[in-house]
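# A structural walkthrough
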Amino acid sequence: MKQFLLFFLVAIFALFIGGQITEAVLLVPYWQSLSASDFYVYYNQFGKIIGQYFTVLTIISALIPVIFSVYCMFVNYKALKFALVSTVFAILFISSFYVYFKGVNDLFFQAAFNEVELKNELIIWSYWHWGRIVLECLSLIFLILAFIKIQKTNFN
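Below, the structure is looked at part by part. (Residues numbered from 1 in each chain as written. Predicted model: local features only at pLDDT ≥ 70, side-chain atom pairs only at ≥ 80, totals over all residues. Heavy atoms only, no water.)

### Focus on the packing of helix α1 (residues 2-33) against helix α2 (residues 36-75)
Stated formally: Fitting a line to C-alpha atoms yields each axis, with helices limited to the stretch in contact; the angle taken between N-to-C directions then spans 0 to 180 degrees. Helix and strand definitions follow DSSP, with helices as H or I runs of at least four residues and strands as E runs of at least two, each counted in order from the N terminus. Each angle receives one of four descriptions, namely roughly parallel if under 35 degrees, roughly antiparallel if over 145, roughly perpendicular if within 65 to 115, and oblique otherwise. The hand of a helix crossing depends on one turn: near helix anticlockwise from the far one by less than a right angle means left-handed, and clockwise means right-handed. By definition, residues are in contact when any of their heavy atoms lie within 4.5 Å.
At a closest axis distance of 11 Å, the pairing of α1 and α2 adopts a crossing angle of 155°. Taken together, the axes of α1 and α2 lie roughly antiparallel to each other. Considering the relative orientation of α1 and α2, their crossing is left-handed. On α2, the residues touching Lys2, Leu6, Leu9, Ile12, Phe13, Phe16, Gly19, Gln20, Glu23, Leu27, Tyr30 and Trp31 of α1 are Phe39, Tyr42, Ile50, Phe54, Leu57, Thr58, Ile60, Ser61, Ile64, Pro65, Phe68 and Tyr71.

Structure, rendered in structure tokens:
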């Protein structure tokens, strides 16, 4: 049962990253191809839905290493240091939302950028998004390492 739960948690996290990569590879280039007026129409129609979808996945994915770290503390597994590193990366990818994405996404809803500013901001948005994906991947890698460490501890 524990094996299934560990696999399930990693799968949820991996699906979240897959969604983020899909957004980066499909949605962002589409947004960049739109005129400012078309982008703002699109964003006002779908931005909240996209935001809600990713908010739920982000929170769940960020909680996985946090909860797992707490679990490791109480059962004294040697996996704790990997789980804590995963948690740090999870905190960083959550923080990126408040540092950059929240403000810019609000400006998208306000249609605050002209055509040239929007094109430039979407390039910057893309860089931040890929940086966030790197943080998420690092969090997942350390989460997997923690799970592997627990498996080794259980067999020793």
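### Overview of the pattern of salt bridges
Stated formally: Counted as salt bridges are all cases of a side-chain nitrogen of Lys or Arg within 4 Å of a carboxyl oxygen of Asp or Glu. Partly exposed residues are those whose accessible area sits between 20% and 50% of the maximum for their type, while under 20% is buried and over 50% is exposed, using a 1.4 Å probe and protein chains only.
All chains considered together, the criterion is met by two salt bridges. The partner of Lys102 in a salt bridge is Asp106, and the shortest N-O contact between them spans 3.6 Å. Residue Lys102 and its partner Asp106 are both found in helix α3 (residues 80-109); the two are separated by four residues, about one turn of the helix. By relative accessible area, which is 32% here, Asp106 ends up partly exposed. For Arg132, the salt bridge identified is with Glu136, shortest N-O distance 3.3 Å.

### Points about the nonpolar core
Within soluble globular proteins, side chains that are nonpolar generally end up buried alongside one another. Under the convention used in this document: What is meant by a nonpolar core is a set of buried Ala, Val, Leu, Ile, Met, Phe, Trp, Tyr and Cys residues, joined one to another through side-chain atoms within 4.5 Å.
One finds Phe68, Cys72, Leu143 and Phe147 to be the most contacted residues of the largest nonpolar core, which totals 21 residues. Of all the elements in the fold, those that place two or more residues in this core are α1, α2, α3 and α4 (115-155). Counting residues per element, this core draws most heavily on α1, at six residues. Excluding its chain neighbours within four sequence positions, the residues that come into contact with Leu143 are Phe13, Ile64, Pro65, Phe68 and Ser86. Val104, Phe113, Leu122 and Trp125 belong to the second-largest nonpolar core, a separate cluster that totals 18 residues.

### Thoughts on the packing of aromatic side chains
What counts is decided by this rule: Between 30 and 60 degrees the pair is tilted, below 30 it is stacked and above 60 it is edge-to-face, where a pair is any two Phe, Tyr or Trp rings, Trp via its six-membered ring, whose centres lie within 6.5 Å. In this analysis the charged atom, NZ for Lys or CZ for Arg, is taken to sit over a ring once it is within 6 Å of the ring centre and within 35 degrees of the ring normal.
In this structure the tally under the stated criterion is 26 aromatic pairs. Residues Phe13 and Phe93 carry aromatic rings whose centres are separated by 6.1 Å and whose planes lie at 90° to one another, so their mutual orientation is edge-to-face. With a gap of 80 residues between them, Phe13 in helix α1 and Phe93 in helix α3 connect regions that are remote in the sequence. This pair shows no difference in class: Phe13 is buried, exactly as Phe93 is. One Lys or Arg, Lys48, reaches over the ring of Phe109 and ends 5.4 Å from the middle of that ring.

### Regarding a nonpolar patch on the surface
Stated formally: Patches in this entry comprise residues that are over 30% relatively accessible and not in a salt bridge; like charges within 9 Å are linked, as are nonpolar side chains (Val, Leu, Ile, Met, Phe, Trp, Tyr) within 5 Å. We get accessible surface area from the Shrake-Rupley algorithm with a probe of 1.4 Å; when it comes to residues, only the shown protein chains can shield them.
The grouping of Ile59, Leu63, Val66, Ile67, Val70, Tyr71, Met73, Phe74 and Val75 at the surface amounts to a nonpolar patch, some 820 Å² of accessible area in total. In this fold, Ile67 is placed in helix α2.

### Let's talk about the side chain of Ser126
Structurally, Ser126 is set in helix α4. Residue Ser126 is classed as buried on the basis of its relative accessible area of 13%.

### Details of the environment of Leu9
By secondary structure assignment, the location of Leu9 is in helix α1. In this structure the C-alpha to C-alpha distance between Leu9 and Phe108, which are 99 residues apart in sequence, comes to 33 Å. When residues no more than four places from it in sequence are discounted, the contact partners of Leu9 are Ile64 and Phe147.

### What about the environment of Leu27?
Within the fold, Leu27 resides in helix α1. C-alpha of Leu27 to C-alpha of Ile150: the two residues are 123 residues apart in sequence and 38 Å apart in space. Those residues within four positions of Leu27 in sequence are excluded, and the remaining contacts are Thr22, Tyr42 and Ile50.

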